[in-house]
Amino acid sequence: MKRCARILPVYAADTSGVCSALYELGGMTVIHDASGCNSTYTTHDEPRWYDFDSMVYISGLTETEAVMGDDQKLIDDIADAARELSPRFVAVCGAPIPMMVGTDFEAIAAAVEEETGTPAFGLNTSGMRSYLAGESEALETVAEKFCRTNVPGTKELSANLVGATPLDFSVNGSVESIRRWLADNGFGLVSCLAMGSSLDEIARAGGAHVNLVVSAGGLAAAKALRKRFGTPYVAGVPVGAAFSKLLAEELRSAAESGKSGAPCARRKNGARGGLAVVGESVFAGSLARAAELDLGEPAGVLCPLETAPELTAPGDAMIPGEEDAAERFARAGGVVADPLYRPVCPDGVPFYGLPHEAFSGRCFRKSIPNLIGKNLKRWMKR
Amino acid sequence: MIKLAVYGKGGIGKSTVTSNLAAAFASLGKKVIQIGCDPKADSTINLLSGNRVTPVMNYLREFDREPRRLEEIAKEGFGHVLCIETGGPTPGLGCAGRGILTTFALLEDLRLFETRRPDVVLYDVLGDVVCGGFAAPIREGYASEVLIVTSGEKMALYAAENINTAVRNFADRGYAKTRGIVLNRRDVEGEEEKVRAFARRAGLPVVADIPRSADIIRCEDLGKTVVEGDPSLPVSRRFFALAELLLGEGEADA
């Protein structure tokens, strides 16, 4: 029964990560799958769906097409739609059926690009990984394919926000607060990958002095930007009073020195016996560090999602399954997690519900707090 | 880097040709990787003195997790050829084609090519291009050229034609192209004539003519390729000639 979830739901899938990351960029995203897949995304994982038009489509894959490997129909359908809608780009990704039959999305995208003249790329999603894997691949591709090389550096100190999607930040004003926080700390914003910025703004990302990576899904794109433009990155979300100040200093220092770093992972204590923060590693790590600084409590991260060694601190742990979560919760001094984790938290261990859109979707959307720059004491008390 | 996929009818001698070619490349000082893409997982056995490397699929089945280090699923054989086998699912279950794709993704995660930096990569593929998984070795980023092994037998030539057609169908996708035909003789009547006629029709060169040889069988009984067993034999020289041709240092015999 290893990794069998009896109580907990799963996080949003990689296909949702792709759609969410590309949603505002004016491209056309096609999920190659049977009908219904798009509805999962739009109903549960996309809070912008009814307020903001975007070209997200499903191919309507049939059993016969899957068995026959009829890629040409998909290519023709996409090409027809692209000619009609004139998207800025076409992204093609897949769900479990194309993964099983080995659909080659990069080859399909190349054929679409050749037929339509519209830039196209394939993403190797399978519906079997979390939203972070899809977001990561999508944003990395955007950074590689659309960020221009002939962009002059900005005169004033500037940054890009990398790895922002509603799946981690919802639509509760957190991303806008991070933008304000950047401005308050003397940073101009070149672009945000990928909320609130157009593809043209993102194309100028190479002109920024530093990149602020706000989720593990943004790390690969930040690395691509470092490789292409030499821009350093700093991983962290400005939550908590003291940590947001410290993060601003780290960001300034990285812009000057050119050295990348992950202040969200620079923590003293692990999860054992202290406060355990569950979730995406950059946000959870930032919250744990903020708890250390604002509350003076040891805190660590329990990570149920894909992450990278540089985003984790000693004592942090992966919790790939429900049993791992329950076991770790029992040893923690308190747990900060999405409310849907509450049933696996033992009685007697204080539980602080912090809804995460990628986990509980719209269930608690209205109560997702905006913690940017705020002292954690007040929130924990509440 | 030379990246070759070897296709051909089941039982035609693909593994024999691939292993001997790997041994010849290695003897010429090249750093070689051979990846067997067949559930039988016996492609590299004659490079490993009759021993076997743990196939990737077997590893996943046994340990219920992905390998963390290349050494867990790769073994060095004759001439330091790095031997890897995809293996396959439990016979009668699962999807062997998907197994190849999973193995390739895993090898990418383990940064096989970046860390090993080979001069030559050989993919020894099961029989025909029957589904997406078995076309994986000819996708962009893997093999750039295909060798088709055939004898003069009717069904071997039929399979060779199918393989060539499949490869051509992928031309607009940037997949591998057919480099040529390896005639692996079975000594059937009019063999050379039949194979050369096919080659002409397909517009392909015959890049090697491997005679039926008791020496190959004798060496394989000892767990060796004939190139390792006795590199001076005429049949071994044919493999060296093919390796040199592919390295751009020789001429096709067609």
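This section reports on the structure supplied with the text. Sequence positions are assigned chain by chain, starting from 1 and proceeding in written order. Starting at A for chains and at 1 for ligands, labels are handed out in the order in which the entities are written. The predicted nature of this model means local features are confined to residues of pLDDT at least 70 and side-chain atom pairs, given and counted, to a pLDDT of 80 or more, with totals for whole chains, interfaces and linings taken over all residues. Remark: hydrogens and water are excluded; side-chain values derive from all non-hydrogen atoms of the structure.

**A few points about the sheet that holds strand β10 (residues 299-303) of chain A**
Residues and elements named next belong to chain A.
- Strands pair, by our definition, only if DSSP identifies at least two bridges between them. Only DSSP runs of H or I covering at least 4 residues are called helices, and only runs of E covering at least 2 are called strands; the numbering of each starts at the N terminus. Ordered in space as β11-β10-β9-β12-β13, the 5 strands form an open sheet in which the pairing is parallel. Strand pairing shows two members of the sheet lacking a second neighbour, β11 (317-318) and β13 (351-353), which therefore form its edges.
- By the bridge criterion, 3 bridges tie strand β12 (residues 334-337) to β13 in an arrangement that is parallel. Counterpart to V336 in the pairing with β13 is Y352.
- Between two residues, a contact is recorded if the distance between any of their heavy atoms is within 4.5 Å. Each axis is a line fitted through C-alpha atoms, and for a helix only the stretch in contact is used; angles between axes span 0 to 180 degrees, taken between their N-to-C directions. In this fold helix α13 (residues 281-295) packs onto β9 (275-278), β10 and β12, with an angle of close to 165° to the strand it touches most, β10.

**Some words on the layout of surface pockets**
- Reported here for the second largest pocket is a volume of approximately 620 Å³.
- Only protein atoms enter the 1 Å grid, on which a cavity is a set of points fitting a 1.4 Å probe that cannot get out and a pocket is an open set with protein on both sides within 12 Å along at least 5 of 7 lines, lining residues being those with an atom within 4 Å of a point. Along its surface, the second largest pocket is lined by 37 residues, and M68, G69 and D71 of chain A together with C131 and G132 of chain B are the ones closest to its centre.
- Listing elements by their share of the lining of the second largest pocket, those giving two or more residues are α3 (63-68), α4 (71-85) and α5 (96-101) of chain A together with α3 (96-109), α5 (132-135) and α6 (154-169) of chain B.
- Gly is put with the polar residues, along with every residue not named as nonpolar or charged; the nonpolar set is Ala, Val, Leu, Ile, Met, Phe, Trp, Tyr, Cys and Pro, and the charged set is Asp, Glu, Lys and Arg. Tallied by class, the residues present in the lining of the second largest pocket amount to 17 nonpolar, 11 polar and 9 charged. Grid points are joined across faces, edges and corners, and a volume is the space filled by probe spheres set on the points.

**What about empty space enclosed by the protein?**
Residue and element names in this part refer to chain A.
- In the structure shown here, the tally under the stated rule is 3 cavities of 30 Å³ or more.
- In this model, the largest cavity occupies a volume close to 270 Å³.
- For the lining of the largest cavity, the elements supplying multiple residues, two or more each, are α8 (166-169), β9, α13 and α15 (357-360).
- The residue makeup of the lining of the largest cavity, split by class, is 17 nonpolar, 5 polar and 4 charged.
- Note that the domain bounds were set by an automatic or database domain assignment. Inspection of the lining of the largest cavity shows a minimum of three residues originating in each of domain 2 (158-263) and domain 3 (264-381).

**Some remarks on the sheet that holds strand β4 (residues 120-123) of chain A**
Residues and elements named next belong to chain A.
- Pairing is parallel in the open sheet, where 4 strands are placed in the order β2-β1-β3-β4. Each edge of the sheet is formed by a strand with only one pairing partner; in this case those strands are β2 (55-58) and β4. The average angle at which neighbouring strand axes cross in this sheet is 20°, direction not considered.
- Direction of pairing for strand β1 (residues 28-32) relative to strand β3 (residues 90-94): parallel, over a ladder of 5 bridges. In the strand pairing of β3, I31 is matched with C93.
- In this fold helix α6 (residues 105-116) packs onto β1, β3 and β4, with an angle of close to 165° to the strand it touches most, β4.

**Observations concerning the interface of chain A and chain B**
- Listed as interface residues are 10 residues of chain A and, on the opposing side, 8 residues of chain B.
- As used here, buried area is the combined drop in accessible area, with a 1.4 Å probe, of two parts when they are placed together. For the pair chain A and chain B, the two sides together bury roughly 770 Å², of which 44% comes from carbon and sulfur.
- For D104 of chain A, the salt bridge identified is with R139 of chain B, shortest N-O distance 3.5 Å.
- Counting residues per element, the ones that place at least two in the side of chain A that touches chain B are α5 and α6 of chain A.
- Here the side of chain A that touches chain B is composed, by residue class, of 5 nonpolar, 2 polar and 3 charged. In the sections that follow, a salt bridge refers to a side-chain nitrogen of Lys or Arg positioned within 4 Å of a carboxyl oxygen of Asp or Glu.

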